[in-house]
Amino acid sequence: MSANAGKAGAAMETNVKEALDRLQIELPSWGFADTGTRFGKFLQPAAKTVEEKFADAGQVHQFTGACPTVALHVLWDLPKGTKPSAVLELAARFGVRPGSISPNVFEDQIYKHGSLANEQETIRRHALEHILDSVRIARELGSRDVTPWFADGSNFPGTANIRARKRWMAEGLKQAHDTLGDGQRLLIEYKPFEPAFYHTDIADWGMALTLARYAGPKSRVLVDTGHHYQAQNIEQIVAWLLDEGMLGGFHFNDRRYADDDLTLGSIDPYQVFRIFAEIRFYEWETGRRADIAFMVDQSHNLKGKIEEMIQTVMNAQELYAKAALIDFPALAKAQQEQRLIDAENLYKDAFSTDVRPAVREWRRAKQLADNPLAAFRASGYLERITRERAGRSTAAGGYA
Ligand code: PSV
Ligand code: MN
């Protein structure tokens, strides 16, 4: 190896180490429960109770060292009467902590025509009460982010007053915002369609940004990577939100057609790299650390759930590490001098670098297994839960 190559290798290891030390990824509790499509479910020895969800998520954290928190959905994980101290104690037993808290204002029958944007005041109030409860639960659990997602919308032209619904939504979010404690945040998620197929009340990042600004200074926008139309330039949205100081977090997944919830980076790893590149570029240029919650929002019914989460985290680590290799001073210069090929190649060079040896070194330094997936498979955990959870029916509770 030449002296230069040795130096480059050492620099790469330092960049990758610094990047991975910082990258923490929140796991969704619902990703460990049995799910499916509207056509059916294929069952696994999945988690049903919040205890089992923490246990499974704890495995992902144990083997990747990168996932200390678990996002919880209030109705699915924290039924009425749940004691926060019990949840905290359970999480701690499995080496994780509760993360973001998602209210659920989309499953109850009363939400057929929406929640905060519903024409009927009593239903709007009901939804708001639930969101306020969620803010309180988050505070009691020491969770920073409250992450409502709204299925609100309509299916047929002319059936909804879009402007009035916007104002109702804005009003409700503002009231929720005003009950947030110090340091808490309200992350507003958008989605273009599904379950509403004509209009969705928070359909895109511009609407989410407008509502976040209206709601108040503790609000930010949540970008779910699957919630975009085909070919949409997601990294541009990320760049704009960063520049506006309004990017609160991500729900990571990949998509081929719509909100497919496929494994992050399975369809288009370069897209994920470009998102990370925008974040790193912003941080390099401003000298400020972007305060972003990286969360996974995937729930698989074909791949093994725990294995798939480990795969997702490994993908994220590799792609984030690659983005950390971009030579930003050279990139800024090439952009300024309009050397397009040179600028683009700085992206390509970083993206095509094999970071796996550097990631492996980082794992070794953290006393983690070289290959988290292989280590999990060898651990016997899956065999154990397969035995223990055998024969239970999904009707026993949990995610539906
Ligand atoms: C809606 O599609 C969504 O992305 C929201 O974030 C929900 O909380 C989550 O999926 C539920 O799976
Ligand atoms: Mn989401």
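Residues numbered from 1 in each chain as written. Chains lettered and ligands numbered in written order. Predicted model: local features only at pLDDT ≥ 70, side-chain atom pairs only at ≥ 80, totals over all residues. Heavy atoms only, no water.

A. Just the packing of helix α10 (residues 305-323) against helix α13 (residues 356-365), in detail. Between α10 and α13, the least distance of the axes is 10 Å, while the angle of their chain directions is 115°. Classified by the angle between their axes, α10 and α13 sit roughly perpendicular to one another. With respect to the hand of their crossing, α10 and α13 are arranged in right-handed fashion. Here α10 contributes Met314, Gln317, Glu318 and Ala321 to the contact with α13, which in turn contributes Arg356, Val359, Trp362 and Arg363. Here the contact of α10 with α13 is built from residues that sort into four nonpolar, one polar and three charged. (Axes fitted to C-alpha atoms, helices over the stretch in contact; angles between N-to-C directions. Helix = DSSP H or I, 4+ residues; strand = E, 2+ residues; numbered from the N terminus. Parallel < 35°, antiparallel > 145°, perpendicular 65-115°, else oblique. Left-handed = near helix turned anticlockwise from the far one by under 90°. Contact = heavy atoms within 4.5 Å. Nonpolar A, V, L, I, M, F, W, Y, C, P; charged D, E, K, R; others polar.)

B. Fine view of the packing of helix α2 (residues 50-64) against α10. Between α2 and α10, the least distance of the axes is 9 Å, while the angle of their chain directions is 40°. Read as a crossing pair, α2 and α10 show a hand that is right-handed. Counted together, Asp56, Gln59, Val60 and Thr64 of α2 and Ile306, Met309, Ile310, Val313 and Gln317 of α10 form the full contact between these two elements. Classifying every residue of the contact of α2 with α10 gives five nonpolar, three polar and one charged.

C. Region of the structure containing the pattern of salt bridges. With the rule as written, the count across this model stands at 30 salt bridges. When the shortest N-O distance is used, the salt bridge between Glu283 and Arg22 registers 2.9 Å. Of the two residues, Glu283 sits in helix α9 (residues 269-286) while Arg22 sits in helix α1 (residues 3-22), which places them 261 residues apart along the sequence. Judged by its relative accessible area of 22%, Arg22 falls in the partly exposed class. In this structure, Asp77 and Lys53 form a salt bridge, with 2.6 Å as the shortest nitrogen-oxygen distance. Taken together, the positions of Asp77 in helix α3 (residues 74-77) and Lys53 in helix α2 put the pair 24 residues apart, joining distant regions of the chain. Taken individually, Asp77 and Lys53 each receive the classification buried, so the pair is uniform in this respect. (Salt bridge = Lys/Arg side-chain N within 4 Å of Asp/Glu carboxyl O. Buried < 20%, exposed > 50% of the residue type's maximum accessible area, 1.4 Å probe, protein only.)

D. Local environment of the site of ligand 1. Close to ligand 1 lie Trp30, His73, Trp149, Glu189, Lys191, Asp224, His227, His251, Asp259 and Asp297. At a separation of 3.3 Å, an oxygen atom of ligand 1 approaches a polar side-chain atom of Trp30. With respect to ligand 1, the side chain of His73 contributes an N or O atom lying 2.9 Å from an oxygen atom. Tallied by class, residues from the shell around ligand 1 come to two nonpolar, three polar and five charged. (Near = heavy atom within 4 Å. Polar contact = N/O pair within 3.5 Å; in protein donor to acceptor, adjacent residues only side chain to side chain.)

E. Here's a closer look at unusual backbone geometry. Following Glu194, the chain continues to Pro195 via a peptide bond in cis, the omega torsion being 10°. Here Pro195 shows up in the loop between β8 (185-189) and β9 (199-200). The residue Glu194 is not glycine, and still its phi comes out positive at about 80°. Residue position: Glu194 is located in the loop between β8 and β9. We classify Glu194 as partly exposed; its relative accessible area is 35%. Even without glycine at this site, Gln367 takes up a positive phi of about 60°. Take Gln367: it is sitting in the loop between α13 and α14 (372-379).

Any functional reading would require information that these geometric values do not contain.
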